[in-house]
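Coordinate analysis (summary)
So the chains spell out like this:
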Amino acid sequence: MNFDAPEEHEPLRDAVRRFFADELPEARIREMDRARRIPRELWHRLGALGWLGLTVPEDYGGGGGDLTQGVVLCEEISRRFPSLAVDWVLVAMTARAFLEHGTAEQKAHYLPRLVQGDFLMAFAMTEPAGGTDVLGLTTRGEEDDGGWRLNGQKLYTSLADDADAILVLCRTDPAPEGKRARGLSLVLCPRDQAGVTVRRLELMAMRAACTSEVFLDDARAPGDAVLGTRGRGWYHLLSSLDEERTLAAAIYVGITQASLDLTVQYAGERSAFGRPIGAFQAVQHPLAEVATELEQIRLLTDKAAWLQANGRECAGTAAMAKLAASEVAIRATDRCLRILAGHGLVEESPMERLFRDARLGPFSPISNEMVKNFLGERLGLPRSY
Ligand SMILES: Cc1cc2nc3c(=O)[nH]c(=O)nc-3n(C[C@H](O)[C@H](O)[C@H](O)COP(=O)(O)OP(=O)(O)OC[C@H]3O[C@@H](n4cnc5c(N)ncnc54)[C@H](O)[C@@H]3O)c2cc1C
């Protein structure tokens, strides 16, 4: 066994830290969080730094890296700006879906623009009637006049308002009895048209991720807008969803690390009863526990990424990483906020945002209850849902 990080990891980690120190200070992050928007210039900058295409092959202008590097980038972005990481994950997972299932023309057309930040794609799976029960979705896609006509409503689509197109999971063909996963397709729907209405949601957490409601009312997509095989959309998504879970775990590793760093520093500076509060055992012990749990979730997340990067079966480990990391982040932000006390509630404190942002983890991109259902079934127990 070898726990040395691959040599490309540390320079990447350092580069992301330098980027935030030099170009994206806390005050600017706070502004975007308040405005609930990530400006396109920032996406272009991430593209120029090579971070939008980090895991895209060099043939398409990407960095040719693998998911272990994706995890490092995602963790480091999340230490400072978790909302940005939520949207970055969408860029990574839509790129993967196109790489794995796109035609040569689709890859050549979309991937080079995606890695530069010139073309942003949102991903719309969740609906009012299909959250955890995602296969309950009712959005329909019908062939019409050489193209596609989409009707339905999507909910919690991140990046939607700022995207150039939305990758919509919809029903294009009837499902055989008891086989709801069949007959679904992935259709790339242009954002800027009368048939697409986007309403931004005012969420408590991950405010800058631009999570929105999307109304598709006779929305049009061209004839070549289907990604992969018609009716196989759900199956095409499976490896992207594993990647999304591992990267989601990395977001919560980043939030936990940032909370710990802030709190250890504060505990050394803030005094009470003539001593730094960090000298009290009641302050040290919860921080020791956070540090221990952080190590556990980082190892699990790295393992999930390594398995997927090496073409191994990773679904169970990716699900465990997402489950563990999101729960640790909830406990860690709670413990750290108690130690920062009033100081952690002030809006200017990054702790206030980390505490809010951690709240997304237990139910997105998949709820932890559903993860446990899945893991229970993998133990050989009967399906519980
Ligand atoms: C900020 C944000 C960003 C998002 N971004 C995207 C995006 O870009 N694209 C996208 O498609 N979706 C996105 N989502 C949606 C997200 O994936 C869903 O919120 C998530 O799948 C849960 O769905 P729900 O919120 O409808 O909860 P529900 O499905 O209503 O679940 C409610 C509760 O019931 C529990 N539950 C339901 N069924 C079972 C069961 N069988 N067993 C045990 N417990 C059960 C759940 O675990 C949960 O606790 C986003 C959500 C948020 C909040």
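Residues numbered from 1 in each chain as written. Predicted model: local features only at pLDDT ≥ 70, side-chain atom pairs only at ≥ 80, totals over all residues.

**Topic: the overall build of the chain**
Helix and strand content of the chain: 12 helices and 10 strands. Referenced to the eigenvectors of the C-alpha coordinate spread, the extents of the chain come out at roughly 80 × 50 × 40 Å. Counting the 385 residues in the chain, one finds 46% classified as buried. Across the chain, every contact between residues at least 6 apart in sequence was considered, and the portion connecting residues at least 24 apart equals 72%. (Helix = DSSP H or I, 4+ residues; strand = E, 2+ residues; numbered from the N terminus. Buried ≥ 20, exposed ≤ 12 C-beta atoms within 10 Å, placed from the backbone. Contact = placed C-beta atoms within 7 Å.)

**Describing the nonpolar core**
Within the largest apolar cluster, 112 residues are counted, with the highest numbers of intra-cluster contacts made by Cys74, Val89, Ile166, Val187, Cys189 and Tyr252. The element contributing the most residues to this core is helix H9 (residues 315–340), with 14 residues. Not counting residues within four places of it along the chain, the set of residues in contact with Cys189 comprises Leu150, Ala165, Ile166, Val168, Val196, Leu216, Ala219, Ala221 and Ala225. (Core = buried A, V, L, I, M, F, W, Y, C linked by C-beta atoms within 7 Å.)

**Focus: the site of the ligand**
With respect to spatial proximity, 24 residues lie near the ligand, and among them Gly131, Thr132, Ser367, Glu369 and Tyr385 are the closest. Within the residue set of the shell around the ligand, elements represented by two or more residues are strand S1 (121–124), strand S3 (147–157) and helix H12 (368–378). Looking at which element gives the most residues to the shell around the ligand, the answer is H12, with three residues. Summarising the domain contributions, the shell around the ligand has at least three residues from each of domain 2 (123–230) and domain 3 (235–378). (Near = placed C-beta within 6 Å. Domains from an automatic or database assignment.)

**Comments concerning the packing of helix H7 (residues 233–269) against helix H11 (residues 350–358)**
As a packed pair, H7 and H11 sit with axes 10 Å apart at the nearest point and diverge in direction by 150°. Relative to H11, H7 is oriented roughly antiparallel. H11 is crossed by H7, and the crossing has left-handed handedness. Between H7 and H11, the contacting residues are Tyr252, Ile255, Ala258, Ser259 and Leu262 on the first element and Pro350, Met351, Leu354, Asp357 and Ala358 on the second. Tallied by class, residues from the contact of H7 with H11 come to eight nonpolar, one polar and one charged. (Axes fitted to C-alpha atoms, helices over the stretch in contact; angles between N-to-C directions. Parallel < 35°, antiparallel > 145°, perpendicular 65-115°, else oblique. Left-handed = near helix turned anticlockwise from the far one by under 90°. Nonpolar A, V, L, I, M, F, W, Y, C, P; charged D, E, K, R; others polar.)

**Quick word on the environment of Ala5**
With respect to the element layout, Ala5 can be found in the segment before helix H1 (9–23). Remark: the alpha-carbon pair of Ala5 and Thr68, spanning 63 residues in sequence, is separated by 9.5 Å.

**Some remarks on unusual backbone geometry**
A cis amide bond links Ser364 to the next residue, Pro365, at an omega of 5°. For Pro365, the position within the fold is in the loop between H11 and H12. For Ala341, which is not a glycine, the phi torsion comes out positive at approximately 50°. Looking at the secondary structure, you find Ala341 in the loop between H9 and helix H10 (342–345).

**Side note on the environment of Arg191**
Here Arg191 lies in the loop between strand S5 (184–190) and strand S6 (196–200). Residue Arg191 is classed as partly exposed on the basis of its 19 C-beta neighbours within 10 Å. Apart from residues lying up to four places away in sequence, Arg191 is in contact with Ala163, Asp164, Ala165, Ile166 and Val196.

**Considerations on the domain arrangement of the chain**
The domains assigned to the chain are domain 1 (9–120), domain 2 (123–230) and domain 3 (235–378). Distance between the C-alpha centres of domain 1 and domain 2: 23 Å. Facing the 20 residues of domain 1 at the interface are 16 residues of domain 2. At the level of secondary structure, the elements contributing two or more residues to the side of domain 1 that touches domain 2 comprise helix H2 (26–35) and helix H5 (82–101). With 11 residues, H5 is the largest single contributor of residues to the side of domain 1 that touches domain 2. Here the side of domain 1 that touches domain 2 is built from residues that sort into 11 nonpolar, four polar and five charged.

**Focus: the packing of H9 against H12**
Between H9 and H12, the shortest axis-to-axis distance is 10 Å and the interhelical angle comes to 145°. Every pair of crossing elements has a handedness; the one defined by H9 and H12 is left-handed. Contacts from Gly316, Ala319, Met320, Lys322, Leu323, Ser326 and Glu327 of H9 reach H12 at Asn368, Val371, Lys372, Phe374, Leu375 and Arg378. The residue inventory of the contact of H9 with H12, partitioned by class, reads six nonpolar, three polar and four charged.

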